[in-house]
Amino acid sequence: MTNFLTILFDGVAYGMLLFVLASGLAVTLGLMNFVNLAHGAFAAFGGYVCAVLVNRSGVPFFVALPLAFAAAALAGVVAERTLFRHLYRRSELEQVLFTIGFVFMAVAATDYVMGSSQVFINLPDVLQGQIDLFGVGIGRYRLMIIVICGLLTLAIQGTLARTRFGARLRAAVDDPRVASGLGINVPQVFAFTFAFGCGLAGLGGALGAEILGLDPYFPLKFLIYFLIVVTVGGSSTITGPFMAALVLGIADVAGKYYVPKLGAFVIYALMIVILIWRPHGLFGRTVAR
Amino acid sequence: MSDMTTLSPVAASTARIGRWRWQETAFWLLVVASYFLFSDRYLILTEIAWLALFALSLDLILGYAGIVSLGHAAFFGVGAYGVGLLAKHGIIEEPVLALLAAGLMAMALGFVTSFLVIRGTDLSRLMVTLGIALLLRELANRFSDITGGFDGLQGFTIAPVLGLFEFDIFGRTGFVYCTVVLFVLFLAARRLVNSPFGLSLRAIHNNRLRAEAVGIPVDRRLIAVYTVSAFYAGVAGALFTQTTALASLDVFAFERSADLLLILVIGGGGYLYGGLIGAVVFKILQEIFSSITPQYWLFWIGLVFVVIVLVGRERMRRWARVAPDFLLRRLGLSRGVGGGGSRGGEP
C-alpha cells in the first residue's frame, strides 16, 4: 500500500513536471495553432543553462532556476521574432518541417558545445534523500517539484482567467482580426506568450534534468510526451493539459513499475485510443475550429 | 492521335497526362548509365534506390492526397523486419517472394491504421502516425526474443534473387535488383496517379469539400491510397534489409520519417519524380556533410530544412522553372519567347 502511494507520489511529480514543460506548447499549439515540434529545444536550453551555472559557476540551485527561466524566455523571444513569427500563416507541413529542422540544429549544436554525454546538476543537500511521511517514502526533490509546479499551475490558470493580459490573449486567439481591431497588439501578445511558454519549458528542463535526464537528444526524446499532453488534454483550456499530464505521469511511472516488460507501449497505445475516441482531446471542445 | 476521338473525355484526358515524356526517358537512361559510370559506388547507389522507393511511397499520400505523416517509418520497419524474419526462419527464402510478402504485411498494417489516420484533425493525424511508429519501435524493442531487440535482427543470409543472382560484396546484384524493383513499382505508381483514381486524389487534396460534393468517396479513396503507400514503404524496407542483411530498431526511428519528409520537400511532391530526385540530392548532401563533420551532420540537415521553409517551396519551384531558361539566355542559346511564362499568373 505504501509502495502504491510512493508510486502515486512519484507519478504526480512526474506529471506536474511534464505539465510545466508542455504548457508553453499547449499555448502555441492549441491557442496559436502553431505546430512547434521544437519546444523541447527550449527546455533543453534551460536545463543546460542551469547545469552550467550550478556546476561550473557555483551559482546556488534556487538562484539558477529563475535564471534558467529567463534565459529560455529570452531565447524564445529571439527565436519568435526572427524565425517563428513568419510561420504562423504557413501550412502545417511547413511548420512541421521548419521546427524539425530547428530541433535537429539544436541537437547537433548542443552536442557540439556541451558534449554528447548526459549532464547532471549538483543538487544542494536539502533536496537529497527522502522524508518519511506516515510511513510513505517521499523524495525531497520530487516534493519540491510538486510545490513549484503546483504554484506555477495556479499562476498560469490565474493569469489566463483573471488578468487583463489573459483576456487579451484569449481574444487574440479567438479572432485575431477583431482583437487587433479593438486595439490589442496581437503580435506582441503572441510574442510575450511564446516567450513565457519557452521560459516555463526552460524551467521545466532545469527541474527535470534530475528525473528525465538531460542530454542533447532531450528535445526529440520527450517530444512525444509533450505532444501527448497537449493533444490528449485538448488545447482549448489549460486544465485539460494539466489533467492529461497528471494521468500520463502516473500511468508512465506505474506502468514502468508494474509492467516493465511493456514500458512506454502502454502510453502510446493509450494515446492512440484516446485520439481515435476523442480527436479533439479528452477535455477539448468537440466542435472543429 | 486519331483514335483519341473515340475515347471518352476522361480516358482521353488521362491518356494525355500519362503520355511518356522525353525527360522521363532521359531520367531512366541516366539511372542505367549510373550502373556503368559509378561502378565502384554500388552500395550508395543501392541506398539511393530504396530511399527513392520509400520517398515515392510518401509522395503518394503527401504529394497526391495531402496526408502529412510523421511516422511513415512504421511501414518501412515492418517490411524490414518482415523480410528479416522470413529469411531467418527459412519461411520464404526467395527474395522476390519475400519482398512481396513483406510488402503485403506492411500493406495490411497500412489498411488497419488508415482508419485511424483519416479520422480527426490534422494535428491528431500527425500524432497518430508518429505514435504508431513509436509503438512499433517499442514492440520491437520489448519482444527481443523475436526481433533481437536493441542489437537488431542478425545472422541471416539472403538467398540469390530468383535462385540465380547471388548478392555480391560489391553490391552489384543489390543495386540492379533494387533499381528493377523501383522501376516496376514506379511504373505502377505512374499508372495509378494518372488514372481517374489519381485524379480524384488530386481533387481531394485541392478541396476536400468540393470533392465530396461531386461524389468522390473521399474516405475510401484515402484508405486505398494509404494502403498502397504502406505497401511501397514496406517493400522499400524489405529492400533495405535484403541488401544489408540487417534489421535494427532504427528502421522505426523518428529521424527516418523526418528525413523522408525532407527528401520529398527537396524534390517536390505530386509528380512522382520528386522523391527520386530528392533521394539523390539527400544522399549527396549527407555524404558531403558527414565527410566534413561526421558527428554533426544532423546540424546541416536541419539547416537545409530551415532554409527550404524560409525561402519558401513555391519560390524555389519558380526559380527551378526559370533558372534553366535564364542560363540558356545568358549563354546566348535562347529557346525563344515565353519559355518560363506558362504559369505566370502565380503570386
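Every chain is numbered on its own, with residues counted from 1 as its sequence reads. Numbering of ligands from 1 and lettering of chains from A proceed in the order in which they are written. Predicted model: local features are reported for residues with pLDDT of at least 70 only, side-chain atom pairs are reported and counted for 80 or more only, and whole-chain, interface and lining totals are derived from all residues.

1. Structural notes on the overall build of chain B
Helix and strand assignments come from DSSP, with helices taken as H or I runs of at least 4 residues and strands as E runs of at least 2, each series counted from the N terminus. From N to C terminus, chain B includes 15 helices and zero strands. Looking at chain B as a whole, 43% of its 347 residues qualify as buried. Contact criterion: two residues are in contact if their C-beta atoms, reconstructed from the backbone, are within 7 Å. A separation of at least 24 residues holds for 74% of the contacts in chain B among residues at least 6 apart in sequence. For the exposure call, what matters is how many other C-beta atoms sit within 10 Å of a residue's own: 20 or more marks it buried, 12 or fewer exposed, and in between partly exposed, using C-beta atoms placed from the backbone.

2. Looking at the overall build of chain A
Scanning chain A from N- to C-terminus turns up 12 helices and two strands. In sequence order, the secondary structure elements of chain A are arranged as α-α-α-α-β-β-α-α-α-α-α-α-α-α. We compute the radius of gyration over the C-alpha atoms and compare it with the globule rule, which gives 2.2 Å times the number of residues raised to the power 0.38. In terms of C-alpha radius of gyration, chain A reaches 19 Å, essentially the compact-globule figure of 19 Å for 289 residues. If one aligns the C-alpha atoms of chain A with their principal axes, the spans along those axes are about 60 × 45 × 35 Å.

3. Things to note about helix H6 (residues 122-142) of chain B
The length a helix should cover is 1.5 Å for every residue beyond the first. The end-to-end C-alpha separation of H6(B) is 30 Å, in line with the 30 Å expected for 21 residues at 1.5 Å each. Of all 21 residues making up H6(B), 17 are buried, and the element is well covered by its neighbours.

4. Examining helix H3 (residues 61-82) of chain A
All names here are of chain A. The first and last C-alpha atoms of H3 sit 31 Å apart over 22 residues, in line with the 32 Å expected at 1.5 Å per residue. Those residues of H3 that fall on the buried side of the exposure criterion are Ala64, Leu65, Ala68, Phe69, Ala71, Ala72, Ala73, Ala75, Gly76, Ala79 and Glu80. Contacts made by the buried residues of H3 are with helix H2 (39-55) and helix H8 (186-212).

5. Regarding the interface of chain A and chain B
In this complex, chain A contributes 35 residues to the contact, which on the side of chain B involves 34 residues. Among the secondary structure elements, those contributing two or more residues to the side of chain A that touches chain B are helix H4 (92-114), helix H10 (223-233) and helix H12 (265-277) of chain A. By residue number, the principal contributor to the side of chain A that touches chain B is H4(A), which donates 16 residues.

6. Points about the packing of helix H4 (residues 73-88) of chain B against H6(B)
Residues and elements named next belong to chain B. Two numbers describe how H4 lies on H6: the axes approach to 8 Å, and their chain directions differ by 30°. Relative to H6, the element H4 lies roughly parallel. For the pair H4 and H6, the contacting residues are Ala73, Ala74, Gly77, Val78 and Tyr81 in the first and Ile132, Ala133, Leu136 and Ala140 in the second. Only C-alpha atoms enter the line fits that serve as axes; for helices the fit covers just the stretch in contact. Angles between N-to-C directions range over 0 to 180 degrees. Any angle that falls under 35 degrees is termed roughly parallel, while one over 145 is termed roughly antiparallel, one within 65 to 115 roughly perpendicular, and all others oblique.

7. Some words on the nonpolar core
Within the largest apolar cluster, 198 residues are counted, with the highest numbers of intra-cluster contacts made by A:Cys50, A:Val229 and B:Leu53. Counting residues per element, this core draws most heavily on helix H3 (residues 42-64) of chain B, which supplies 16 residues. With near-sequence residues (within four places) excluded, B:Leu53 lies in contact with B:Leu182, B:Leu185, B:Tyr232, B:Val235, B:Ala236 and B:Leu239. By definition, a nonpolar core groups buried Ala, Val, Leu, Ile, Met, Phe, Trp, Tyr and Cys residues that are joined through C-beta atoms within 7 Å.

8. So, the domain arrangement of chain B
All names here are of chain B. Source of the domain bounds: an automatic or database domain assignment. What the domain assignment reports for chain B is domain 1 (19-292) and domain 2 (297-337). On a C-alpha basis, the centroid separation for the pair domain 1 and domain 2 is 27 Å. Facing the seven residues of domain 1 at the interface are eight residues of domain 2. Listed by contribution, the elements that provide at least two residues to the side of domain 1 that touches domain 2 are helix H12 (254-267) and helix H13 (273-292). Sort the elements by how many residues they give to the side of domain 1 that touches domain 2 and H13 lands first, with four residues. Grouping the amino acids of the side of domain 1 that touches domain 2 by side-chain chemistry returns four nonpolar, three polar and no charged. Residues are grouped as follows: Ala, Val, Leu, Ile, Met, Phe, Trp, Tyr, Cys and Pro are nonpolar; Asp, Glu, Lys and Arg are charged; every other residue, Gly included, is polar.

9. Here's the deal with unusual backbone geometry
Within the chain, B:Ala245 stands out as a residue other than glycine whose phi angle is a positive 55°. Considering the arrangement of structural elements, one finds B:Ala245 in the loop between helix H11 (218-244) and H12.

10. Comments concerning the environment of A:Ile131
Residue and element names in this part refer to chain A. With respect to the helices and strands, the residue Ile131 is situated in strand E1 (residues 130-133). For Ile131, a count of 10 C-beta atoms within 10 Å gives the class exposed. Sequence-wise, Ile131 and Ala172 are 41 residues apart; in three dimensions their C-alpha atoms are separated by 46 Å. Beyond its immediate chain neighbours, meaning those up to four positions away, Ile131 contacts Ile138 and Arg140.

11. What to know about the confidence of the model for chain B
Residue and element names in this part refer to chain B. Looking at chain B, the pLDDT average stands at 82 and 88% of residues meet or exceed 70. One number per residue, pLDDT, summarises how confident the predictor is, and it ranges from 0 to 100. Across chain B, H11 holds the top mean pLDDT of 92, while helix H15 (residues 313-330) sits lowest at 68. Quick note on the complex model: pTM equals 0.84, ipTM equals 0.81.

12. Description of the packing of H4(B) against H11(B)
Residue and element names in this part refer to chain B. For the pair H4 and H11, the least separation of the axes is 6 Å and the interaxial angle reads 45°. On the basis of their axis angle, the class for H4 and H11 is oblique. Seen along the crossing, H4 lies across H11 with a hand that is right-handed. Counted together, Phe75, Phe76, Gly77, Val78, Gly79, Ala80, Gly82, Val83 and Gly84 of H4 and Ala230, Ala233, Gly234, Val235, Ala236, Gly237, Ala238, Phe240, Thr241 and Gln242 of H11 form the full contact between these two elements. In this scheme, a crossing is called left-handed if the near helix is turned counterclockwise away from the far one by less than a right angle; it is called right-handed if the turn is clockwise.

13. Let's talk about the environment of A:Ser180
Residue and element names in this part refer to chain A. Summarising the element assignment, Ser180 is placed in helix H7 (residues 176-181). Owing to 15 C-beta atoms within 10 Å, Ser180 belongs among the partly exposed residues under this scheme. Between the C-alpha atom of Ser180 and that of Arg168, which follows or precedes it by 12 residues, the distance is 9.9 Å.

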